[in-house]
Amino acid sequence: MNQTAVLGFPRIGEKRELKTALENYWKGNTSLNELTDVASELRLKHWNLQRNAGIKTVAVNDFSFYDNTLDLMVALGAQPERFRDIADETQHYFTMARGDETHTAMEMTKWFNTNYHTIVPELHKTFEFGAINAKKILGEFKEAKDNGFQGSIQLIGPITFLGLSRCDKEVTLALFDPLLGQYNKLLGAIIALDKNVEIVMHEPSLSIGIDTQVLSLLKIAYERLGTLSQNLSVATYFEHSCEATAVLVHTPIKGLVLDFVHGVKNSDSLESLGKSDKHVTIGIIDGRNVWKNNLQQSLKTLEYIETYIPKERLTIGVSCSLLHVPYSLKHEENLDTNVKELLAFAQEKLDELSLLGKAFFSHETIPFPSHPKAAVDEAVQNRLGALNPNDFKRSHPFSVRQMSARDTFDLPPLPTTTIGSFPQTAEVRKVRQEFKKGLISKETYEETMKKMIASCVAFQESIDLDVLVHGEFERNDMVEYFGEQLNGFAFSQNGWVQSYGSRCVKPPLLYGDVSRPHPMTLNWSLYAQSLTDRPMKGMLTGPVTILNWSFVRDDQPRSVTAMQIALAIRDEVNDLQRAGITMIQVDEAAFKEGYPLRRENRSAYEKWALESFLLSTAVADKETQIHTHMCYSEFTDIIKTIEAMDADVISIETSRSGNRLLQIFKETGYTQEVGPGVYDIHSPRIPSVEEMEQQIYLLLEVLPSSQLWINPDCGLKTRGWSETEAALRNMVEATKAVRETL
Ligand code: GLN
Ligand code: ZN
């Protein structure tokens, strides 16, 4: 007996084969058969890897051509009505995902606290489900079987499906029964094929803390589904799900899969699990992070769990699908061995699972490799230890700083500016890549960048913007650029993880103590400032965003790592102001997405996230104006934290939601200055002068002109130059027209 299982494997492939195959197919370069062949090869390969690691029942239906929630919509007959005119099955599927000339694509949402984006079901109160379609699920199950694998079918469960749809209570209640009916039919079709088939229902929604009404729906759902199949488990992850477990142990399901990495509080359920007849899969290999498992410690945890639940009822597993980690370390020839030593990607995690399984289930002693430790940087540790409360507090209150800024910068009312980046054209990318590959010299690279900065500055002056930026041409990405220059970060060659559809990202690996060996932005900012008399905004990424968009070490609390990054950014802020750059933007684009899934953990996060922002910016003198930028507009529940960040100016995304969202700033008596985006940079559309004037007047209904800045929604890097020029020109013109009337 050696019971191990996974909830899914990265489907994009070792070399992102699925990405290539999909994109070729979308371009019309390859046939559907070629695409499905690639898919089938990938599935077989991934099942083989699982089997080689001793996993007897491999994950099936974790594969998807685009997204598992979308697949489920097809399976349940839950496709939105607006796509039902498309007869061809494949075209229908990809049009829902990507849109076409006549259909806008379906919306996406973050898959809980990961960077994977899933498609949002479009449901409404009178939604009518179509016929169920079990073809994909049964096909993949048979494919596994024909190749000698026993498959465990992975499906998103009804509570999570409804949760993702963002329906209100009324719609949820109206649709619950018909939805369950569809699940019933779908499971019926699966069981007809093989009545013993193992089915795992993914219900991460149960981990975010659910109310009694949802708990009662949960009970109804799994009373029914658990009766239908004798081999059905419910998987929760990313947090504990104790409330749900208390309900589920009294339903006829066979087992539960629980996250013991990110939901250690699941151990509170051990007693009731032990008393029940349920089988429990212990998710102990981290599916969300890239570090080696501390096998010795995991074995101890398992032995502790065994004091409650007998071995026969235990399986060892992953905390969540391995979808969220890169594929394999095999191709990382360039990684420093000390860093590589710390890592385990999906394939290596299978090996860890296998080793742990052997150690736990067999009675021999398995020698574990010793658990590696990241090197300690004493200087960083000492500096952190020596911080005092003043390091987190600006020397003067906002009112004093605001007077000083009015003196120093002498800006007109409603000052105009941008969020930082200007179009990243093919030329910009090419130059950066050539430099990275060593094809051009440092001198040539810097000269080319300077030319781009100079023309960007000249353009901004020509349209009479008040506060300028250098354009961020040197940055491939707002986190990677800083990570590459900081100690404690490493970059993989092939560490891709799926973000959505065929899109993958390669997050930095934050493995050790963070420090800044040299200034990171100073020279670019100084050069840009040398070209103009107008204020040049320095442009930095904040500690919380750097943290939230990296794979972060797990051997110390995230809060400590955040403070280390904050110190590095603080040094940069100080260098910039000493050199005369006294308007500095510290972007916290990912501040909100770092919020914990569970409400009860929020205040702890808010505390350290806030402190790390303050630590990075409070070094600013009275004369230095600190800006920040956040990529969203829902501030209602976090406004007090935003205010406490004490930025002199905050720019936010509001153009798509009008001035409604600005109300909160007024209602709470927010005093600092605000730059609500006046146009949407996510579309190439050029808003007219009149339209933006209207928008500014709307803003003025809420906040006084003395508190308002005028800027676009976000950075312009994804836009082309022609639309950028036109839109910014209109923005400045609109602002001037409004100023006349003040
Ligand atoms: N300064 C960054 C830019 O303009 C901010 C990007 C972001 O908020 N995502 O690109
Ligand atoms: Zn933004």
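Let me sum up the structure you'll find in this document. As the structure is a computational prediction, the values presented were derived from the model and not from experiment.

Rules used throughout
Along each chain, residues carry numbers from 1 onward, in the same order as the chain's sequence is written. The lettering of chains begins at A and the numbering of ligands begins at 1, in the order of writing. Selection of residues for local features in this predicted model requires a pLDDT of at least 70, selection of side-chain atom pairs for listing and counting requires 80 or more, and totals for whole chains, interfaces and linings are taken over all residues. Each side-chain value is derived from all of the structure's non-hydrogen atoms; neither hydrogens nor water enter the calculation. Because no water is among the atoms considered, metal sites can look incomplete, with donors defined as N, O and S atoms within 2.8 Å of the metal, or 3.2 Å for Na, K and Ca. Any site counts as irregular unless it has four donors with all angles between 85 and 135 degrees, making it tetrahedral, or four or six donors with opposite ones more than 155 degrees apart and the rest between 65 and 115, making it square planar or octahedral. Accessible area is worked out with a 1.4 Å probe on protein chains only. A residue is then buried under 20% of its type maximum, exposed over 50%, and partly exposed in between. Here a strand is any run of E in DSSP of at least two residues, a helix any run of H or I of at least four, and the numbering for each starts at the N terminus. Any two strands with at least two DSSP bridges between them are considered paired. We define a nonpolar core as any set of buried Ala, Val, Leu, Ile, Met, Phe, Trp, Tyr and Cys residues linked to one another through side-chain atoms lying within 4.5 Å. Between two residues, a contact is recorded if the distance between any of their heavy atoms is within 4.5 Å. Pairing of aromatic rings covers Phe, Tyr and Trp, the last counted by its six-membered ring, and requires centre-to-centre distances within 6.5 Å; plane angles under 30 degrees mean stacked, over 60 mean edge-to-face, and any other angle means tilted. Axis definition: a line fitted to C-alpha atoms, over the contacting stretch in the case of helices. Angles run 0 to 180 degrees between N-to-C directions.

At this site the zinc ion (ligand 2) is bound by His629 (NE2), Cys631 (SG) and Cys714 (SG), with donor distances of 2.0 to 2.2 Å. Coordination geometry of the zinc ion (ligand 2): the 4 donor atoms subtend angles of 78 to 121° at the metal centre, consistent with an arrangement described as irregular. Read from N- to C-terminus, the donor residues coordinating the zinc ion (ligand 2) fall into the pattern H-x1-C-x82-C.

The next point concerns the pairing of strand β10 (residues 314–318). Across the 5 residues of β10, 5 count as buried, placing the element largely inside the fold. By the bridge criterion, 2 bridges tie strand β1 (residues 4–5) to β10 in an arrangement that is parallel. Within β10, the position partnered with Ala5 by the bridge is Gly317. Where strand β9 (residues 279–285) and β10 come together, 5 bridges link them in parallel fashion.

Leu155, Ile190 and Tyr222 are the most contacted members of the largest nonpolar core, which totals 134 residues. By residue number, the principal contributor to this core is helix α7 (residues 169–193), which donates 10 residues. Sequence-distant contacts of Tyr222, that is, excluding residues within four places in its chain, are made with Gly157, Pro158, Met201, Glu203, Thr227, Leu232, Val234, Leu248, Thr251, Pro252 and Ile253. Core analysis: the next-biggest nonpolar cluster, separate from the first, contains 95 residues, Val469, Ala589, Phe591 and Val738 among them.

What follows concerns the packing of aromatic side chains. Each aromatic ring pair is summarised here by two numbers: the centre-to-centre distance and the angle between the ring planes. Applying the stated rule across the entire model yields 26 aromatic pairs. With centroids separated by 5.8 Å and ring planes inclined at 50°, the aromatic side chains of Trp47 and Phe149 adopt a geometry described as tilted. Of this pair, Trp47 sits in helix α2 (residues 32–52) while Phe149 sits in the loop between α5 (135–146) and β5 (150–156), placing them 102 residues apart in sequence. Here Trp47 falls in the buried class, since its relative accessible area comes to 2%.

On to the sheet that holds strand β15 (residues 537–541), then. Strands sit in the order β15-β17-β18-β19-β20 across an open sheet of 5 strands; the sheet is parallel. Of all the strands in the sheet, the pair left with one neighbour each is β15 and β20 (673–676). For this sheet the average axis-to-axis angle between neighbouring strands, irrespective of direction, equals 20°. Bridging between strand β18 (residues 625–630) and strand β19 (residues 649–652) involves 4 bridges; their strand directions are parallel. Paired with Thr628 across the two strands is Ile650, which belongs to β19. Relative to the sheet, helix α21 (residues 558–578) contacts β15, β17 (583–587) and β18, its axis offset from that of β15 by approximately 170°.

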